[in-house]
Amino acid sequence: MRILRKYTNRRLYDTSRSCYITLEDVKQLVLNQEVFQVQDSKTGADLTRNILLQIISEQEAMGHGTLLTNQVLQQLIRFYGDSMQGMMSQYLEQSISTFIEHQERIREQMQNMMGVTNPLNVMNKIADQNMAMWNMFTPPGEAGEEPPKPDTSAANGEAKDK
């Protein structure tokens, strides 16, 4: 497990790389699914949760779209101290895990839905079908070539040499 130490000056020190890191670096550890723990440099207390909450708070403030709406946060606050708090924690963990497991399939379904409703995709599909039909009437080996021009020399009164 990767150990990060938090000092009183609020700096984070990565003990495995022997350097100071930022919250953005910790976020990258999460995205890379690396296992780590943040410890208080003096007491050794586990501060991982606090750091993760700080990263979430910064992400929510950046305006990248919010996951935790005011309504969701209020509902979560109501669970603290409730007899169902432990069950809610497990429920949220399992729900998010299930969502992550099905995330790729959900993405594909969303792309398919967006593809059907996107007029440009529909027009491209129709154009491809029209080209396929046109190519059916083109003699083999001439697809993409201009059709031969009709001989108009006889119609113009020109005599042909034999």
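Residues numbered from 1 in each chain as written. Predicted model: local features only at pLDDT ≥ 70, side-chain atom pairs only at ≥ 80, totals over all residues. Heavy atoms only, no water.

> Would you take a moment to explain the overall build of the protein for this structure?
Within the protein, the secondary structure is distributed over six helices and four strands. Mapped from its N terminus to its C terminus, the protein presents α and β elements in the order β-β-β-α-β-α-α-α-α-α. Considering the protein as a whole, with its 162 residues, one finds that 12% of them fall into the buried category. Counted over contacts in the protein with a minimum sequence separation of 6, partners at least 24 positions apart contribute 39%. Total accessible area computed for the protein in this model is approximately 13,800 Å², and 55% of it derives from carbon and sulfur atoms. (Helix = DSSP H or I, 4+ residues; strand = E, 2+ residues; numbered from the N terminus. Buried < 20%, exposed > 50% of the residue type's maximum accessible area, 1.4 Å probe, protein only. Contact = heavy atoms within 4.5 Å. Areas by Shrake-Rupley, 256 points an atom, 1.4 Å probe, with all protein chains shown as cover.)

> I'm lost on the confidence of the model for the protein in this one. Help?
For the protein, per-residue confidence averages 82 on the pLDDT scale, and 80% of positions sit at 70 or higher. Strand 4 (residues 36-40) holds the highest mean pLDDT among the elements of the protein, 97, whereas helix 6 (residues 119-136) holds the lowest, 74. (pLDDT = per-residue confidence, 0-100.)

> I keep staring at the packing of helix 1 (residues 23-31) against helix 2 (residues 48-61) and nothing clicks. Help me out?
Angle between the axes and distance between the axes: these two values describe a pair of packed helices. Two numbers describe how helix 1 lies on helix 2: the axes approach to 10 Å, and their chain directions differ by 100°. As summarised for this structure, helix 1 and helix 2 are arranged roughly perpendicular, according to the angle between their axes. From helix 1, Leu23, Val26, Lys27 and Val30 reach across to helix 2, where they touch Ile51, Leu52, Gln54, Ile55, Glu58 and Gln59. Across the contact of helix 1 with helix 2, the residue classes break down as six nonpolar, two polar and two charged. (Axes fitted to C-alpha atoms, helices over the stretch in contact; angles between N-to-C directions. Parallel < 35°, antiparallel > 145°, perpendicular 65-115°, else oblique. Nonpolar A, V, L, I, M, F, W, Y, C, P; charged D, E, K, R; others polar.)

> Help me understand the pattern of salt bridges in this model?
Two side chains carrying opposite charge are able to pair once their charged atoms lie near each other. All told, the structure shown has four salt bridges when counted by the stated rule. Taking the shortest distance from any N to any O, the salt bridge between Lys27 and Glu24 comes out at 3.9 Å. With Lys27 and Glu24 both in helix 1, this residue pair falls three residues apart, about one helical turn. Its salt-bridge partner being Glu104, residue Arg107 comes within 3.7 Å of it at the nearest N-O pair. Of the two residues, Arg107 and Glu104 both sit in helix 5 (residues 103-117), three residues apart, roughly one turn of that helix. Exposure remark for Arg107: the relative accessible area of 43% places this residue in the partly exposed category. (Salt bridge = Lys/Arg side-chain N within 4 Å of Asp/Glu carboxyl O.)

> I tried to follow unusual backbone geometry on my own but got confused; where do I start?
Among all residues except glycine, the phi angle is most often negative; among peptide bonds, the trans geometry is most common. The phi dihedral of Arg10 falls on the positive side, at around 70°, and the residue is not glycine. Within the secondary structure, Arg10 is located in the loop between strand 1 (2-6) and strand 2 (12-14). Phi is positive for Gln33, which is not a glycine, with a value near 60°. Along the chain, Gln33 falls in the loop between helix 1 and strand 4. Residue classification places Gln33 among the exposed positions, given a relative accessible area of 70%.

> Honestly, the sheet that holds strand 2 in this entry has me stumped. Any pointers?
Paired through their backbone hydrogen bonds, the strands of a sheet run either parallel or antiparallel. An order of 3-2-1-4 is seen for the four strands of this open sheet, with the pairing classed as mixed. The sheet is open, and its two borders are formed by strand 3 (19-21) and strand 4, each paired with just one other strand. The sheet shows a mean angle of 35° between the axes of neighbouring strands, direction not considered. With five bridges joining them, strand 1 and strand 4 adopt parallel strand pairing. Paired with Arg5 across the strands is Gln39, a residue of strand 4. Strand contacts of helix 2: strand 1, strand 2 and strand 4, with the helix running at about 105° to strand 4, the strand carrying the most contacts. (Pairing = 2+ DSSP bridges.)

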